[in-house]
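Report on the structure
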Amino acid sequence: MSNVTVEATNMLPILKKKLAFLSGGKDRRSGLILTIPLSSDQTSMEELSATLDYLLSIPSQKCKARGFTVIVDGRKSQWNIVKTVVLMLQNVIPAEVSLVCVVKPDEFWDKKVTHFCFWKEKDRLGFEVILVSANKLTRYIEPCQLTDDFGGSLDYDHNDWLNKRLVFEKFTRESTSLLDELSIINDADKCSAESKEKSADCALLPSFDPETVLQTGHELLSELQQRRFNDSEGGGGQGGPAWCPMEEELLAQPQVMKLLDSLREQYTRYQELCRQRNKRTQLDEIHAKVMQVVTWLQGPGSELLKTQKTIGDSMRAAQALQQKHEEIESQHSEWFAVYVELNQQISALLSGGEEEEVVELKALQQQLSEACYQQAAQLEGRQNVLQSAQGFHSTTQELSQQLDGLLGMLCADVAPADGASIQQNLKLLEEKLQTVEAGLASLRQKGALLMEQMCTQPSWPLDEAEESPAGEQQDGSQQVHTVMEEMQLRKQRCEDMVDVRRLKMLQMVQLFKCEEDALQAVEWLGELLDALLKTHVRLGDDSQETKTMSDKHRKFVDVAQSTYDYGRQLLQATVVLCQSLRCTTRSSGDTLPRLNRVWKQFSVSSEERQQRLELALSFHTAAERVLQQECVDPDSLDEVDSCGKTLLDRLTLPVVFPDGTEQFFGSPSDTAAAAEGVRERLLLVEERRLQLQEVELHNDGEEEEEEEMLNGQEARLDVIGEELSEKEKQDEEEGQQNEDLKRATQDC
């Protein structure tokens, strides 16, 4: 490393003035070229001396041994300043200077030079001084080693060089300091490791960030190497060797590389130290956190759960217990999150830890897992019990409401309007009872599940349990049994009441049915009466037909009698049901009077119909006997005639009901048709009577036959004569009319 005592940062304003610089060029002896560009302004010798001291401290001793070639550019300055600078070189760097080239202006100094010759002072100065113009400077120095100010091709950027120099010095300063600190820290940790005691230096931290310093050094080295590579590709412009301003003697690339290597080595040791230190610290922290988690879970966490043992006596109480349990779970969740994080950290350390550390970590992991799993099992068991308890209480509440609704329905009076509404109420009652039975079955199922979960809930260790778990489970089971028995008793009471109500409602259904059927019987009987009066009018054309109609009439009456008896039985059943139901507000009403009234009307009408049929049968029987016999007693004929007339008279009479009203059988046309049949039979009987009379006359008056024949012939002759007379009169009248017609025709 160079012995630089003054840094560029301390004299940055002076260096920015560019009073002197090392461009990186070399003379033919490989000596460095030092350029002093004098300006027209007054140059401070102190600042120039300081600049030269700084610049000459940069090259290595090997470079200095080859000597410097100093170019004093006096083209813009006065001769006395140039002379002062040259003389100052004797005091600043007399041993390192090999040649001083004073670049003179083209038109001045000629006379003054004769008064002073530097070559005469060579022995005293210790170096050779020549005066040369800028265009002749290439006699001593290659153009590729000269900057463009002297017609050369060497690139030099003073600001860029200054910036790089600042970066280099900063890196050198920081890396050197960092190396010392890291060496102290690493050595101190090694000593503490041998003595197995922690030293205070182990906790020291470097003043600079090693990563930042390394990054700065790499960037600096990369920049220097890149610049050198680029300059080498550009060449010297004249085909000469590729000299660059960032030669290793100038910016000490080996020094940067050496510092980087040393820094990486120390930093690697420091990183390993930090890794070991962090691992030990991490182990201690993990151990502390594990003990903290285990202590809380086995202490306050367990106490919180032990205070929650009941299942509540209602849905609201169970919900409050659930809310409290959720709060406890929330507190546990924070510690479980710490457990997960610790478990991940332990798993990561187990993969790359040493044997002792692995054993310790596994023990911690097992202890932590056992505590967390045990607490999680307790939480899960308690959660399951609370959920089952909520389901049990919810079902209990629903069942209680269903029983209350069923009881309210049973306590309400039943006053339906008809049988359909009773059937609807009965169906609703059965549905409610089925709902209650299903609810009770669900309650038993959930109660059994709750008791099973309480029995299978994980138990606490013996050293942590304060009370007997069996006693707690017994109390909870007894509570569940009590609730289920109470619901069973309530359901049984409701079932008994439902049986009574069902019987009552069925009786009411039967009552309404009887009333409806009784009304139907009245209607049927009325329809039979109506059919009797309107359609049962014919009496038959002969005795056989009349007898058939009489038989049908008796059957018709039997049907009416059955309908009447059925209606009476229904009304009697209605009375019995009303008495059984204690329904004083309901009775047969006007159904029975209507039934009796219609039946009386039917009885009267059917009796009248029966009498008419019997009378018609007698009439037809007698008429047929009279018509069929050859010898008939006149009394029989009179009897038939009397019976027929009676029947005709009977047909014209109405039916008189008990209430005084009258009703005719059929329509007048139907009655007339029936009477016409009777009259036709009476005409036949009358003809039979005439025949009999003629026979009697024939038998009694054979003697008077001739006289009667003569009298008849005379009578007939008289009649014929009268007819002939009338015929003649008619012919005369017709002849007279014809003559009158002809006469009228002729007149026309």
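Summary of the structure given here. Please read all numbers here as calculations on a predicted model, not as lab measurements. Along every chain, residues carry numbers that run from 1 in the direction the sequence is written. Restriction of local features to residues with pLDDT of at least 70 applies here, the model being predicted, together with a cutoff of 80 or more for giving and counting side-chain atom pairs; totals for whole chains, interfaces and linings are based on all residues. Side-chain metrics in this entry use all non-hydrogen atoms of the structure; hydrogen atoms and water are not considered.

This part is about the overall build of the protein. Counting from the N terminus, the helices are the DSSP runs of H or I reaching at least four residues and the strands are the DSSP runs of E reaching at least two. Looking only at helices and strands, one finds 19 helices and 7 strands in the protein. Counting all 748 residues of the protein, 40% fall into the buried class. Here, residues are in contact when the closest pair of their heavy atoms is within 4.5 Å. Within the protein, contacts between residues separated by at least 24 positions form 82% of all contacts whose residues are at least 6 apart in sequence. For the protein, the accessible area works out to roughly 42900 Å², and carbon and sulfur atoms hold 50% of it. With a 1.4 Å probe rolled over the protein chains alone, any residue whose accessible area is under 20% of its type maximum counts as buried; one over 50% counts as exposed, and the rest are partly exposed. Per-residue accessibility takes into account occlusion by the displayed protein chains alone, with areas from the Shrake-Rupley method and a 1.4 Å probe.

Okay, the nonpolar core next. For our purposes a nonpolar core is just a set of buried Ala, Val, Leu, Ile, Met, Phe, Trp, Tyr and Cys residues, chained together by side-chain atoms within 4.5 Å. With 54 residues, the main nonpolar core has Leu406, Leu450, Val480, Leu525 and Phe602 as its most contacted residues. Tallying contributions element by element places helix 14 (residues 469-535) first for this core, with 19 residues. If sequence neighbours within four positions are ignored, Leu450 has contacts with Ile311, Val385, Ser388, Ala389, Phe392 and Val480. Judged by nonpolar contacts, the second largest core, of 39 residues, contains Leu48, Val82, Ile93 and Leu166.

A few words now on the packing of aromatic side chains. Two rings from Phe, Tyr or Trp (for Trp, the six-membered ring) form a pair when their centres sit within 6.5 Å of each other. Planes less than 30 degrees apart are called stacked, planes more than 60 degrees apart edge-to-face, and all others tilted. Tallied over the entire structure, the rule returns 6 aromatic pairs. Ring geometry for Phe556 and Phe602: centres 5.7 Å apart, planes at 40°, overall tilted. Of this pair, Phe556 sits in helix 15 (residues 543-581) while Phe602 sits in helix 16 (residues 591-628); the two residues are 46 residues apart in sequence, bridging distant segments of the chain. As far as the burial class goes, Phe556 and Phe602 line up, both buried. A ring pair is formed by Trp599 and Phe602, whose centres lie 5.8 Å apart and whose planes are at 20°; its orientation type is stacked.

On to the pattern of salt bridges. Should a side-chain nitrogen of Lys or Arg be within 4 Å of a carboxyl oxygen of Asp or Glu, the pair is scored as a salt bridge. In total, this model carries 20 salt bridges according to the counting rule given. One salt bridge in this structure joins Asp160 and Lys164, with 3.0 Å as the shortest N-O distance. With Asp160 and Lys164 both in helix 7 (residues 158-195) and 4 residues apart, the pair spans about one turn of that helix. Lys164 carries the same exposure label as Asp160, and that label is buried.

What follows concerns the pairing of strand 3 (residues 68-73). Counting buried positions along strand 3 gives 6 out of 6 residues, so the element sits mostly inside the fold. Neither face of strand 3 is exposed, since Phe68, Val70 and Val72 on one face and Thr69, Ile71 and Asp73 on the opposite face are all buried. Pairing between strands is defined by DSSP: at least two bridges between the two strands are required. Taken together, the 6 bridges between strand 2 (residues 32-37) and strand 3 define a ladder with parallel strand orientation. The partner of Leu32 across the bridge, within strand 3, is Phe68. The pairing of strand 3 with strand 4 (residues 97-103) spans 6 bridges and is classified as parallel. Residue Phe68 lies in a different strand from strand 4, and its bridge partner there is Val97.

This part covers the packing of helix 10 (residues 253-306) against helix 12 (residues 355-411). Contact pair helix 10 / helix 12: the axes reach a minimum separation of 10 Å and the direction vectors enclose 20°. Put simply, helix 10 runs roughly parallel to helix 12. Remark: the crossing between helix 10 and helix 12 carries left-handed chirality. Throughout, the ten residues Ala, Val, Leu, Ile, Met, Phe, Trp, Tyr, Cys and Pro are labelled nonpolar, Asp, Glu, Lys and Arg are labelled charged, and all others, Gly among them, are labelled polar. Taken together, the residues that form the contact of helix 10 with helix 12 break down as 14 nonpolar, 7 polar and 4 charged. A fitted line through C-alpha atoms serves as each axis, taken over the contacting stretch for helices, and the angle formed by two N-to-C directions is quoted from 0 to 180°. Should an angle fall under 35 degrees it is taken as roughly parallel, and over 145 as roughly antiparallel, whereas 65 to 115 is taken as roughly perpendicular and any remaining angle as oblique. Crossing handedness is read from the near helix: turned anticlockwise from the far helix by less than a right angle, it gives a left-handed crossing, and turned clockwise, a right-handed one.

Read across the open sheet, the 5 strands follow the order 1-2-3-4-5; overall the sheet is mixed. Each edge of the open sheet carries a strand with a single partner, namely strand 1 (21-26) and strand 5 (128-132). With direction set aside, neighbouring strand axes in the sheet form an average angle of 25°. Along the sheet, helix 2 (residues 45-56) makes contact with strand 1, strand 2 and strand 3, crossing strand 2 at roughly 165°. The sheet strands contacting helix 4 (residues 79-92) are strand 2, strand 3, strand 4 and strand 5, and the helix crosses strand 4 at an angle near 175°.

Right, let's talk about unusual backbone geometry for a bit. Unlike most non-glycine residues, Lys18 shows phi in positive territory, near 60°. Turning to its location among the elements, Lys18 is positioned in the loop between helix 1 (12-16) and strand 1. Residue class for Lys18 comes out partly exposed when judged on its relative accessible area of 28%. Backbone geometry places Ser30, a non-glycine residue, at a positive phi of 65°. Residue position: Ser30 is located in the loop between strand 1 and strand 2. Judged by its relative accessible area of 28%, Ser30 falls in the partly exposed class.

You can see Thr661 is positioned in the loop between strand 6 (655-656) and strand 7 (662-663). Judged by its relative accessible area of 35%, Thr661 is partly exposed. C-alpha separation for the pair Thr661 and Gln601, spaced 60 residues apart in sequence, amounts to 9.7 Å. Residues in contact with Thr661, not counting those within four places in the same chain, are Val655 and Val656.

Packing of helix 15 against helix 16 brings their axes to within 10 Å, and their N-to-C directions diverge by 165°. One element, helix 15, and the other, helix 16, form an angle in the roughly antiparallel class. Classified by chirality, the crossing of helix 16 by helix 15 is left-handed. Across the contact of helix 15 with helix 16, the residue classes break down as 13 nonpolar, 12 polar and 5 charged.

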